[in-house]
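So the chains spell out like this:
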Amino acid sequence: MDKEQEYSDEELAETPDNEASGNGEDLSHEEWGRLLEEARSKADEHWDQVVRTRAELDNLKKRHQRELENAHKYGLEKFVGELLGVRDSLELGFNAAKENHDVEKLLEGTELTLKMLADAMAKFGVEQIDPEGEPFNPELHQAMGMVPTNDVPPNTVVNVVQKGYRLNGRLVRPAMVMVSQAA
């Protein structure tokens with residue numbers, strides 16, 4: 001059975017086009033055919049829009065996935081570029097230490113290399129936690145032991161065993177510390 005034949009005469013009489021004509025007469029077969037063709041044309045247009053929109057969404061998803069994968073793969077590219085200079089400096093210092101045993105020059109080179117490393121880390125939001133002399137903070141410090149002393153108030157960091165680090169305010173590694181306790 002055709003879709004045209006599925007509708008009863010009552011349903012067809014209630015269509016807006018018949019109501020709009022106001023004369024109550026039935027539409028001719030040609031007019032119904034024209035209306036049907038217009039409806040099919042609009043349906044085809046809408047279907048094309050849906051298909052194109054789906055294709056655009058699929059392309060957008062694929063592009064977003066590629067960009068996300070690249071961000072994960074190459075997100076550290078600039079940081080690594082900064083660290084390469086530090087590595088080069090360490091290699092030069094190592095080779096110089098093999099050939100020349102001048103401790104003063106080695107100390108100077110090591111100091112400059114450490115500064116290069118600190119600058120590179122700071123450039124990317126890495127800050128050092130060196131809490132010596134500060135009150136113990138369990139959110140930033142990890143106590144390695146207690147040291148009895150009367151020189152500083154109790155629960156004060158008296159020795160930093162290993163410095164801690166934060167990345168853009170988030171703790172990456174707590175500072176390992178020795179904490180004072182009343183003697």
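Further up the page is the structure itself.
Residues numbered from 1 in each chain as written. Predicted model: local features only at pLDDT ≥ 70, side-chain atom pairs only at ≥ 80, totals over all residues. Heavy atoms only, no water.

**A word on the pattern of salt bridges**
Note the threshold: Salt bridges are identified by distance alone: a Lys or Arg side-chain nitrogen within 4 Å of an Asp or Glu carboxyl oxygen. In this description a helix means any DSSP run of H or I spanning at least four residues, a strand means any run of E spanning at least two, and both kinds are numbered starting from the N terminus. Three labels apply to residues, based on accessible area from a 1.4 Å probe with only protein chains included: buried if under 20% of the type maximum, exposed if over 50%, partly exposed otherwise in between.
All chains considered together, the criterion is met by 6 salt bridges. In this structure, the salt-bridge partner of E82 is K123, at a minimum N-O distance of 2.9 Å. Residue E82 is found in helix α5 (residues 77-99), and its partner K123 is found in helix α6 (residues 103-123); the two are separated by 41 residues along the sequence. Residue E91 pairs with R87 through a salt bridge whose shortest N-O separation is 3.0 Å. Of this pair, E91 and R87 both sit in helix α5, 4 residues apart, which is roughly one turn of that helix. Classification of E91 by relative accessible area gives partly exposed; the value is 35%.

**A look at the sheet that holds strand β4 (residues 164-167)**
Backbone hydrogen bonds are what pair the strands of a sheet, in a parallel or an antiparallel way. We count it as follows: The criterion for strand pairing is that DSSP finds at least two bridges linking the strands in question. Axis definition: a line fitted to C-alpha atoms, over the contacting stretch in the case of helices. Angles run 0 to 180 degrees between N-to-C directions.
Strand order across the open sheet formed by 3 strands is β1-β4-β5, with antiparallel pairing between neighbours. Looking at which strands have only one partner, the edges of the open sheet turn out to be β1 (126-129) and β5 (170-173). Shown here is a sheet whose adjacent strand axes are inclined to one another by a mean of 35°, direction ignored. The sheet contact formed by β1 and β4 spans 4 bridges and is antiparallel. Along β4, the bridge assignment pairs Q128 with Y165.

**Some thoughts on the sheet that holds strand β3 (residues 157-162)**
Pairing is mixed across the open sheet formed by 3 strands, whose spatial order is β2-β6-β3. Taken across any chain shown, the strands that pair with only one partner, and hence form the sheet edges, are β2 (141-148) and β3. Along the sheet, successive strands turn relative to each other by an average axial angle of 25°, direction set aside. Pairing geometry for β2 and strand β6 (residues 175-181), over 7 bridges, is parallel. Among the inter-strand pairings, M146 is bridged to a residue of β6, identified as V179.

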